[in-house]
Amino acid sequence: MKKYYHIITYGCQMNVHESEKIAGILCGLGYENTEEINSADIVVFNTCCIRENAENHAFGNIGMLKKLKAAKRDMIIAVGGCLTQQMGKAENLHSKFPYVDIIFGTHNLNKLGEMILQKKSRKKAVIEIEDSEGIICEEDKPFRTSYPNAWINITYGCNNFCSYCIVPYVRGRERSRKSENIIEEARSLIAGGYKEITLLGQNVNSFANGTEDISFPELLNKIASIDGKFRIRFMTSHPKDFSEELAQVIAGNSKICKAVHLPVQSGSNAVLRAMNRKYTREDYLKKIEILKKYIPDCAITTDLIVGFPGETEEDFNDTLTLVEKVGYASAFTFVYSRREGTVAAKMPEQIPEEISKRRIMKLIELVNLQTRVMSSKYVGKMVEVLCEGVDEKTQKYLGRDEYGRMVYFDSPTPVIGEFLTVRIDKANGISLFGEVTGD
Ligand code: SAH
Ligand code: SF4
Ligand code: F3S
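The structure reproduced in this document is the subject of the present report. (Residues numbered from 1 in each chain as written. Chains lettered and ligands numbered in written order. Predicted model: local features only at pLDDT ≥ 70, side-chain atom pairs only at ≥ 80, totals over all residues. Heavy atoms only, no water.)

## Observations regarding the overall build of the protein chain
Here's step 1: Along the protein chain, the regular secondary structure elements total 14 helices and 19 strands.
Here's step 2: Against the 2.2 N^0.38 benchmark of 22 Å for 439 residues, the protein chain shows a C-alpha radius of gyration of 22 Å, consistent with a compact globule.
Here's step 3: In terms of overall dimensions, the protein chain has C-alpha extents of about 60 × 60 × 50 Å along its principal axes.
Here's step 4: Within the protein chain, residue pairs in contact and separated by at least 24 positions form 73% of the contacts whose partners lie at least 6 positions apart.
Here's step 5: With an accessible surface of roughly 20100 Å², the protein chain has 52% of that area assigned to carbon and sulfur atoms.
Here's step 6: Here the protein chain contributes 58 positive and 58 negative side-chain charges, whose respective centroids are spaced 3 Å apart. (Helix = DSSP H or I, 4+ residues; strand = E, 2+ residues; numbered from the N terminus. Rg over C-alpha atoms; globule rule 2.2 N^0.38 Å. Contact = heavy atoms within 4.5 Å. Areas by Shrake-Rupley, 256 points an atom, 1.4 Å probe, with all protein chains shown as cover. Lys, Arg positive; Asp, Glu negative; His and termini not counted. Charge placed at Lys NZ, Arg CZ, Asp CG, Glu CD.)

## Remarks on the sheet that holds strand β10 (residues 196-200)
Here's step 1: Strand order in the open sheet formed by three strands is β7-β10-β11, and the pairing between neighbours is parallel. What marks the edges here is a single partner per strand, and that holds for β7 (149-153) and β11 (231-235). For this sheet, the mean inter-axis angle between neighbouring strands, taken without regard to orientation, is 25°.
Here's step 2: The pairing of β10 with β11 spans five bridges and is classified as parallel. Among the inter-strand pairings, L199 is bridged to a residue of β11, identified as F234. (Pairing = 2+ DSSP bridges. Axes fitted to C-alpha atoms, helices over the stretch in contact; angles between N-to-C directions.)

## Points about helix α2 (residues 52-63)
Here's step 1: The terminal C-alpha atoms of α2 lie 16 Å apart, and with 12 residues this matches the ideal 16 Å at 1.5 Å per residue to within 8%.
Here's step 2: Every buried residue of α2 is accounted for by A54, E55, A58, F59 and I62. Down the axis, α2 shows its buried residues gathered within 130° of arc, on one side only.
Here's step 3: In this structure, the buried side of α2 is in contact with β3 (42-47), α3 (66-71), β4 (76-81), α4 (82-85) and α5 (89-96). (Expected span 1.5 Å × (residues − 1). Buried < 20%, exposed > 50% of the residue type's maximum accessible area, 1.4 Å probe, protein only. Arc of directions from axis to C-beta.)

## Regarding the pattern of salt bridges
Here's step 1: Under the criterion given, the structure shown has 24 salt bridges.
Here's step 2: The salt bridge partner of D101 is K69, with a shortest N-O separation of 2.8 Å. Taken together, the residues D101 in the loop between α5 and β5 (102-104) and K69 in helix α3 connect sequence positions 32 residues apart.
Here's step 3: The shortest N-O distance in the salt bridge between E313 and R359 comes to 2.8 Å. (Salt bridge = Lys/Arg side-chain N within 4 Å of Asp/Glu carboxyl O.)

## Notes on the site of ligand 1
Here's step 1: In the vicinity of ligand 1 lie 15 residues, with Y164, Q202, Q265, D303 and S337 positioned nearest.
Here's step 2: The separation between a nitrogen atom of ligand 1 and a polar side-chain atom of Q202 is 2.8 Å.
Here's step 3: Within the contact set of ligand 1, an oxygen atom lies 2.6 Å away from a side-chain nitrogen or oxygen of D303.
Here's step 4: Within the complex, 89% of the 540 Å² of free accessible area of ligand 1 lies under protein. (Near = heavy atom within 4 Å. Polar contact = N/O pair within 3.5 Å; in protein donor to acceptor, adjacent residues only side chain to side chain.)

## Some remarks on the packing of aromatic side chains
Here's step 1: Using the criterion set out here, one finds 10 aromatic pairs in the structure.
Here's step 2: Both rings, one in F59 and one in F97, keep their centres 5.7 Å apart while their planes meet at 45°; by these two values the pair is tilted. With a gap of 38 residues between them, F59 in helix α2 and F97 in the loop between α5 and β5 connect regions that are remote in the sequence.
Here's step 3: A relative accessible area of 11% means that F59 is categorised as buried.
Here's step 4: Judged by relative accessible area, F97 falls into the buried class, the value being 6%. (Phe/Tyr/Trp six-rings, centres within 6.5 Å; stacked < 30°, edge-to-face > 60°.)

## A few points about the sheet that holds strand β12 (residues 259-261)
Here's step 1: Spatially, three strands are ordered β12-β13-β14 in an open sheet, and the strand pairing comes out parallel. On the outer flanks of this sheet lie β12 and β14 (330-335), each paired with one strand and no other. Ignoring which end each strand starts from, the neighbouring axes of this sheet average 15° apart.
Here's step 2: Note that strand β13 (residues 299-306) and β14 share six bridges and pair parallel. Its bridge partner being in β14, I305 is matched across the sheet by F334.
Here's step 3: Together, β13 and β14 form the strand contacts of helix α14 (residues 353-376), whose direction differs from that of β14 by roughly 175°.

Okay, structure coming up:
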């Protein structure tokens, strides 16, 4: 009889890829994917805790499974991901949701198979949360779901301890995979037909730091020298480690997308200092200048936080003026969320919600305006798009250009995984609409 799995993923691309690894383990045990939670034999929640709402979302959805579990006693419910690694959260989950069968940490992911077998032979929940030190899962066989893109981890964890951020606590210290393993993985994915490789790490620029291995720009060069037509993307770059050499490597390699995500978080020096970001507004703008010098058409994107403890109107204004100065292709904007255990959580001047809300609305307005102006410049242009799939809503094909813009288009033939030239006819916010041309 067939057995089915259903995975619910929260959070960043790192988690999306980790869900592919979880799927790989489940496929190895004979499970098949189902989009229908009711027909699943195992449901896995791959959680995130970067902000309070991510956490609440997961808690809410796990709670909603109580009824289904009561009706389907043999169904296994497993909860993994960053939320489980937070101090005391695994116990908290277990006492709140006693019907959850398995709780596994981010560093125990490759033990999920064993844990499932263990659970089948006992009544009690199986809970394994481990410390991260040194753990790298090199032997994974992910079940990839993002063709034509393939995610590849290059580093795990983070050493930066930005004062607002929970990641270093739940993902442990930074560790890099061996460059030869990464290059081999990229080579075999490209040989297998993947057209885009996205390198993942909390701070890709510090890849191999403190080891004998090659640097991040060298790694990019090596991957770009693999034969075949494909694109390389990477995320995320920490501004403090973004080097001139890296800008040169991006500029000099047509396979590396001219799109750089460089999270600034705030435009105010006082806030940046309190955030422990280790760069000033001026340092950041200097890096942007270097980036624009080597890659004038580079699409620069960012992350911004408003309402960090102690943020004044003047500090917020510094963020607005920085955004105006840089001219972002797009930006993710967040209201600061207090995370227990971080340094900022203990800061006395937490900002009232109404103020943060007003600030984020204003920031979103500015970011959207920039995005719209940039999108409108595309109209009438030909862009090369890598087709990623079909949009369910519009039934149009969708894909991205090298700058990361989403393009929706019609095509008479199936084109997923192909590079196409699309003429842009219309821009709507961040999205572009067009038609495949004959060339
Ligand atoms: N490693 C990446 C980002 C990881 S988290 C980097 O350093 O850029 C993605 C984004 O979430 C961060 O850039 C930040 O803008 C936001 N974020 C992290 N912690 C947050 C918090 N406590 N409240 C609000 N936003 C947060
Ligand atoms: Fe969090 Fe800062 Fe590390 Fe990014 S660099 S994951 S924001 S601590
Ligand atoms: Fe990613 Fe959320 Fe963890 S953003 S690293 S899944 S806390």
